[in-house]
Amino acid sequence: MPQLYETIKQQCQNQCELLIVSKRRSVAQIQAYYDRGARDFGENRAQELLEKAPQLPQDIRWNFIGHLQRNKVRAVLPYLYRVCSLDSLDLASVLDKEAARLNRTIGVLAEFNLAEESTKTGMDKTQAFAFFEALRQFEHLIPEGILVMGPHVEDEAAIAAVFHEARALFDQLKAQFGDSRFTICSMGMSHDYPIALREGSTQLRLGTILFED
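## So, unusual backbone geometry
And then number 1: One non-glycine residue, Arg24, lies in the positive phi region at around 65°.
And then number 2: A residue is classified by how much of its surface remains accessible, and Arg24, at 64% relative accessible area, is exposed.
And then number 3: With a phi close to 55°, Asn103 is a non-glycine residue in the positive phi region.
And then number 4: Locating Asn103 in the fold gives a position in the loop between α5 (89-101) and β5 (106-112).

Take a look at the structure:
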């Protein structure tokens, strides 16, 4: 829905980036948004990324937004601009090793499960400060912020509360660990992005709403 895409970009203005979630979408669908100026796309399965990326323009900034298995890192890292779902030091260690092998750095977002839902991945908030302290040992990782999913509920106040908590956590982490590159508070998807914008999101992850007929 190109018109909706343009409208949401206007809503974002300079506050946030718009990440198009392209999982389960065809190369042609992704190319259509690329042709409209989009460069930031998100995939959540390694095999799907490996199939699509070689067929699309090389200046696309691929963000990995799903659970990334350590044994898939070597295959996908050459294509990735950022890993948005870092949820363990074990994964961080593998990413750092492979980035070093490629003589590059990789941006990472730490994923937290503030909604405390068992169906969601991500760390507990209580791990946040120790986790970012530990990330300092990895020379090839660039901590750029956090990713949080809203709760799967209809109650807008409950969604807003989680996003408010996420923004507060982001600000605290930025004050203690951040630099000029620590700018991403990734929250807001197709069903709750207006709430996320109000609560201070700096990256929306939109898929369904942009590909509906």
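So that's the structure; there's more coming.
## Overview of the pairing of β5
If a strand is regular, its side chains alternate between the two faces of the sheet.
And then number 1: Burial of β5 is extensive: seven of the seven residues sit out of reach of the surface.
And then number 2: The two faces of β5 match: Ile106, Val108, Ala110 and Phe112 on one face and Gly107, Leu109 and Glu111 on the other face are all buried.
And then number 3: Pairing of strand β4 (residues 80-86) with β5, which is carried by three bridges, proceeds in the parallel orientation. Across the sheet, residue Arg82 finds its bridge partner in β5, namely Gly107.
And then number 4: Handedness of the crossover is the feature at issue here: the chain leaves β4, passes through α5, returns alongside β5, and the resulting connection is right-handed.
And then number 5: Summarising the sheet, β5 and strand β6 (residues 141-148) pair through seven bridges and their orientation is parallel. Looking at β6, one finds that Gly107 is bridged to Ile142.

Each value, and the rule that gives it
- Residues numbered from 1 in each chain as written.
- Predicted model: local features only at pLDDT ≥ 70, side-chain atom pairs only at ≥ 80, totals over all residues.
- Heavy atoms only, no water.
- Buried < 20%, exposed > 50% of the residue type's maximum accessible area, 1.4 Å probe, protein only.
- Helix = DSSP H or I, 4+ residues; strand = E, 2+ residues; numbered from the N terminus.
- Pairing = 2+ DSSP bridges.
- Right-handed = clockwise from strand over helix to strand, strands pointing away.

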